[in-house]
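Listed below are the residues making up each chain.
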Amino acid sequence: MSDLLKRLVSAKGASGNEDEVRQLIIEEITPLTHQVTVDRMGNVIGYKRGSVPGKKVMLCAHMDEVGFIITRIEENGMLKFGTIGSIDARILPSKRIRIGNEGIPGVFGIKAIHLQEPAERETAVKAKQLYIDIGAKTREEAERKVKPGDYAVFDSEMVYFGEGKVKSRALDDRAGCAALIEALKADCPFDLYACFTVQEEVGIRGAKVAAYNIKPDMALIIEGTTCSDVPGIEPQNFSTRMGMGPAISIADLSSYSNKKMVAYLIERAEKASIPYQIKESLTGGNDAGEIQRSRGGVMTSVVSIPCRYIHSPSSVMDLEDFNNTIRLVQEFLKGCEAL
Amino acid sequence: MDGKELLSRLIEIPGVSGYEDQISDMVRDTFRPYCQEVHQDAFYNVYGKKAGTKQGLGPKVMLAAHLDEIGLMVKDIDEKGFISFTNIGGVDQRILLSQEVYIHGKEKLFGVIGAKPPHLQGKEEAKKAVPVKEMVIDAGLDPKRLKELVSIGDLITFKSPLIDLNEPYVCGKSIDDRAGVVMMYETMKELDKLVFAGEVYFVATAQEEVGTRGAIISTYSVEPDIGIAIDVTHGDTPDASKEETHNMDTGPVIAVGPNMHPKLTDRLMNVAKDNGIDYLIEVEPGLTGTDARSIQVSRQGVPTVLIEFPLRYMHTTVEVLNMDTIKKAARLTALFIASMGEGWEECLTY
């Protein structure tokens, strides 16, 4: 299972440039589904025909990730960039990225501590003041490697560490993609649509058209969500807790979950002795926001894998939480059509 | 071994100031094939001696490049298993968030420097850099296990292997001053192609980042006639002023100012000119922040020169170096040493 996760987080896919991860997902789900299509926006939809036609259930995870886009090449060979999705610029100095489809290495430089005024060291870095260094001496040299419009992602491989933990970039939401692919291996009697959306991080744009095309009766979203059980945060502000199982959302900024679906998720989890937690904050949003309001409305709910330090090159996830998310989704698929 | 390969290996070995045992052993082994004699002292300074091949009197020259690196140290472990830490040497707190690290406890453990999620921070808070005292390392272990493996005072180094940027630039951590160690190694190879008088001590010094302490001790021990300090200087950086930085592509930088011997520095520049090696000049009005400051005033005084390489983003995990500069600097240094035969003292006369 974590091999699949490793393949998924190794593929680049900043919002708007999901080609690499899309191709990988198509390869992975082709043997598991009856039909795979890619819609006009680039969403991948795997269709698994049920034995009893009727209800249409959609499982959804987004394949895009936060990243960067090159906006300009300076005379001195340095690159200016825009941020794709929500990234706290304070994490950027002294980090590595990979640019374009070839993955040209670059770094966010910052002037040496010796050259800073004391007040500068106390001030948050803004994305505007940063630049990317690829080691090009001039604009011409840089142009041989990159061009404005090239996308970039953090350079951060998956590392297994601690007790059953993994570190990587893009766990949000490749972990959800991997869980969805694993869950697909279970049999279900109804028509199942496995949907891997684009552009979630820039405003839930892929899910909007995917839901319109699929016309599901119900959708379960599998997301990587903030895990804020870290020092400096009061327990009442914890969103999820690492190692406590998949987090079931009651509501977040983008949608209110369908009560029947939530109750059923809890029921199945308890029956199968799968640890779970209720997401404790109303923060964040995800594909459910658009799917729920598609056409005449769709029943939705969200199951999330807790990820610490989300939207950074060093997100951390507990593999038990990941495995339990797969189990919970598979349990949910047993009988959810009756809701 | 090629210089880049050596640099890549050297930066993987931990050697935070004061804890240079591992890097010291590795540098000792690296020097051995090119020196007649190699030894270490109680401070983890490494000395490689190369005797001249030419008859007649020549100076005893000491080269110094430091093998220690900046890093972090465990300050506390909280009840949930998060590690708080402090810095050893100058570390910009703004580079720390999301950094990958190794904690050198009873085992070498991987961890990441985490932080509060941005949506749980106030508007004012988000305008400030996160202070290092509020950061923690997440090693993914429960507190009991973590406390078995990690103690207060354990060292932490950054995980940032050497990568190639656009040729001939490379990027990684602790190029300050492991590149200087590589430069000494390349100088040994260059010297093998030349004839020179006297003897040369290649010293990889400890504890430079916390006050050039290894240089104080090693210069006393070697008692050289001439000192050559080798360190990094600031390479051109878009967000720093031009006056404070040096072009990355010209060649080595030769420092001038009271910390350096003027006649000896003139000689070094003349050797560069005579051999068509381009160089830049760095003006250092006061003491330099390098081993040169301590070499110069050892015992009865040591005429000293300082050779530097421009390095971008010094003391970060993405220091950027032009590898060609190392080769040019090594050639210059070897030619400079070989230029001093019998009567070399004359060049020091005021």
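Residues numbered from 1 in each chain as written. Chains lettered and ligands numbered in written order. Predicted model: local features only at pLDDT ≥ 70, side-chain atom pairs only at ≥ 80, totals over all residues.

Q: What is the right way to read the overall build of chain A from this model?
A: Within chain A one finds nine helices and 17 strands. Since a compact globule built from 339 residues should have a radius of gyration of about 20 Å, the 21 Å found for chain A is in line with a globular shape. Its C-alpha atoms give chain A principal-axis dimensions of roughly 65 × 45 × 35 Å. Residues classed as buried in chain A amount to 57% of the 339 residues present. Taking the contacts inside chain A whose residues are at least 6 apart along the sequence as the reference set, 76% of them involve residues at least 24 apart. (Helix = DSSP H or I, 4+ residues; strand = E, 2+ residues; numbered from the N terminus. Rg over C-alpha atoms; globule rule 2.2 N^0.38 Å. Buried ≥ 20, exposed ≤ 12 C-beta atoms within 10 Å, placed from the backbone. Contact = placed C-beta atoms within 7 Å.)

Q: Can you walk me through the overall build of chain B in this structure?
A: Counting its secondary structure elements, chain B contains nine helices and 17 strands. Against the 2.2 N^0.38 benchmark of 20 Å for 350 residues, chain B shows a C-alpha radius of gyration of 21 Å, consistent with a compact globule. Based on the C-alpha atoms only, the size of chain B along its principal axes is roughly 70 × 40 × 35 Å. Considering chain B as a whole, with its 350 residues, one finds that 57% of them fall into the buried category. The long-range share in chain B, meaning contacts at least 24 apart out of those at least 6 apart in sequence, stands at 76%.

Q: I tried to follow the pairing of strand β7 (residues 104–108) of chain A on my own but got confused; where do I start?
A: Each regular strand displays side chains that alternate between the two surfaces of the sheet. Residue and element names in this part refer to chain A. With five of five residues buried, β7 lies mostly within the body of the structure. Here β7 shows two buried faces, one formed by Ile-104, Gly-106 and Phe-108 and the other by Pro-105 and Val-107. The sheet contact formed by strand β6 (residues 96–99) and β7 spans four bridges and is antiparallel. If you follow Ile-97 over to β7, its bridge partner there is Gly-106. In this sheet, strand β8 (residues 132–133) lies alongside β7 in antiparallel orientation, the contact comprising two bridges. Opposite Phe-108, over in β8, you have Ile-132 as the bridge partner. (Pairing = 2+ DSSP bridges.)

Q: Looking at this structure, how should I read the sheet that holds strand β7 (residues 108–114) of chain B?
A: One key point about sheets: their strands pair by backbone hydrogen bonds, in either a parallel or an antiparallel sense. Residue and element names in this part refer to chain B. Reading around the barrel, the six strands line up as β4-β5-β8-β7-β6-β9 and close back on themselves, with antiparallel pairing between neighbours. Averaged over all adjacent pairs, the angle separating strand axes in this sheet is 45 degrees, with direction ignored. Relative to β7, strand β6 (residues 100–104) is paired through five bridges, and the arrangement is antiparallel. Counterpart to Val-101 in the pairing with β7 is Gly-111. (Axes fitted to C-alpha atoms, helices over the stretch in contact; angles between N-to-C directions.)

Q: For this particular structure, what's the right way to read the domain arrangement of chain B?
A: When the parts come together, some accessible area is lost, and that loss is often what is quoted as the size of the interface. All names here are of chain B. The domain boundaries assigned to chain B delineate domain 1 (3–69 + 173–348) and domain 2 (72–158). The distance between the C-alpha centroids of domain 1 and domain 2 comes to 33 Å. Listed per partner, the contact involves ten residues of domain 1 and eleven residues of domain 2. Of the residues contributing to the side of domain 1 that touches domain 2, the split by class is four nonpolar, four polar and two charged. (Domains from an automatic or database assignment. Nonpolar A, V, L, I, M, F, W, Y, C, P; charged D, E, K, R; others polar.)

Q: Can you walk me through the domain arrangement of chain A in this structure?
A: Residue and element names in this part refer to chain A. Domain boundaries assigned for chain A yield domain 1 (2–65 + 169–338) and domain 2 (67–154). Its C-alpha centre places domain 1 at a distance of 31 Å from the equivalent point of domain 2. Contact residues are listed per partner, giving twelve residues for domain 1 and 14 residues for domain 2. The class makeup of the residues in the side of domain 1 that touches domain 2 is three nonpolar, five polar and four charged.

Q: Would you mind showing me how to read helix α1 (residues 2–10) of chain A here?
A: Owing to its 3.6 residues per turn, the α-helix aligns residues three or four sequence positions apart on the same side. All names here are of chain A. Of all the residues in α1, the buried ones are Leu-5, Leu-8 and Val-9. With its buried residues spanning 90 degrees around the axis, α1 presents them on a single face. In this structure, the buried side of α1 is in contact with α2 (19–29), β11 (165–168) and α5 (171–183). (Arc of directions from axis to C-beta.)

Q: Just to check I follow, could you spell out the interface of chain B and chain A for this structure?
A: Listed by partner, the interface residues are 51 residues for chain B and 53 residues for chain A. Elements represented by at least two residues in the side of chain B that touches chain A include exactly β7, α3 (123–127), β8 (136–138) and β11 (169–172) of chain B. In terms of residue count, β7 of chain B provides more of the side of chain B that touches chain A than any other element does, three residues in total. A class-by-class count of the residues in the side of chain B that touches chain A yields 25 nonpolar, twelve polar and 14 charged.

Q: Please explain the pairing of strand β15 (residues 280–283) of chain B as it appears in this structure.
A: Residue and element names in this part refer to chain B. Both strand β14 (residues 253–256) and β15 contribute to a ladder of four bridges, which runs parallel. Residue Val-256 lies in a different strand from β15, and its bridge partner there is Val-283. Traced from β14 through helix α7 (residues 262–274) to β15, the parallel crossover comes out right-handed. (Right-handed = clockwise from strand over helix to strand, strands pointing away.)

Q: Is there a simple way to think about the packing of helix α5 (residues 175–191) of chain B against helix α9 (residues 323–338) of chain B in this case?
A: Two measures define how a pair of helices packs: the angle their axes make with one another and the distance between the axes. Residues and elements named next belong to chain B. Where α5 contacts α9, the two axes come as close as 8 Å, and the packing angle between them is 50 degrees. Taken together, the axes of α5 and α9 lie oblique to each other. For the pair α5 and α9, the sense of crossing is right-handed. For the pair α5 and α9, contact is made by Ala-179, Val-182, Met-183, Glu-186, Thr-187, Glu-190 and Leu-191 and by Ile-326, Lys-327, Ala-329, Ala-330, Arg-331, Thr-333, Ala-334 and Ile-337, respectively. (Parallel < 35°, antiparallel > 145°, perpendicular 65-115°, else oblique. Left-handed = near helix turned anticlockwise from the far one by under 90°.)

Q: Whenever I open this one, the packing of α5 of chain A against helix α9 (residues 319–333) of chain A confuses me. Can you help?
A: Residues and elements named next belong to chain A. Where α5 meets α9, the axes come as close as 9 Å, and the angle between the chain directions of the two elements is 45 degrees. One finds that α5 runs oblique with respect to α9. Where α5 crosses over α9, the handedness of that crossing is right-handed. Contact residues: Ala-175, Ala-179, Glu-182 and Ala-183 in α5; Phe-322, Thr-325, Ile-326, Val-329, Gln-330 and Leu-333 in α9. Each residue belonging to the contact of α5 with α9 can be placed in one class, and the counts come to seven nonpolar, two polar and one charged.

Q: What's the story with α7 of chain B in this structure? I'm lost.
A: Residue and element names in this part refer to chain B. Counted at 1.5 Å a residue, the expected span for α7 with its 13 residues is 18 Å, and the 18 Å between its end C-alpha atoms agrees. Among the residues of α7, those classed as buried are Leu-264, Thr-265, Leu-268, Val-271 and Ala-272. Mapping the buried residues of α7 onto a view down its axis gives an arc of 115 degrees, with all of them on the same face. Residues Lys-273 and Asp-274 are exposed on α7 and point more than 90 degrees away from its buried face. Where the residues of α7 are buried, they touch β13 (226–234), β14, β16 (304–312) and α9. Just downstream of α7, Gly-276 is the residue with a positive phi angle, here 65 degrees. (Expected span 1.5 Å × (residues − 1).)

Q: Please explain the environment of Arg-145 of chain B as it appears in this structure.
A: Assignment of secondary structure puts Arg-145 of chain B in helix α4 (residues 143–149). When the C-alpha atoms of Arg-145 of chain B and Gly-81 of chain B are compared, they prove to be 8.7 Å apart, with 64 residues separating the residues in sequence.

Q: Would you mind showing me how to read the confidence of the model for chain B here?
A: Caution applies to low-pLDDT parts of the model: their predicted coordinates are not meant to be read in detail. In the predicted model, chain B carries a mean pLDDT of 95, and the fraction of residues at 70 or more is 100%. Across the interface, the model reports ipTM at 0.93; the global pTM reads 0.94. (pLDDT = per-residue confidence, 0-100.)

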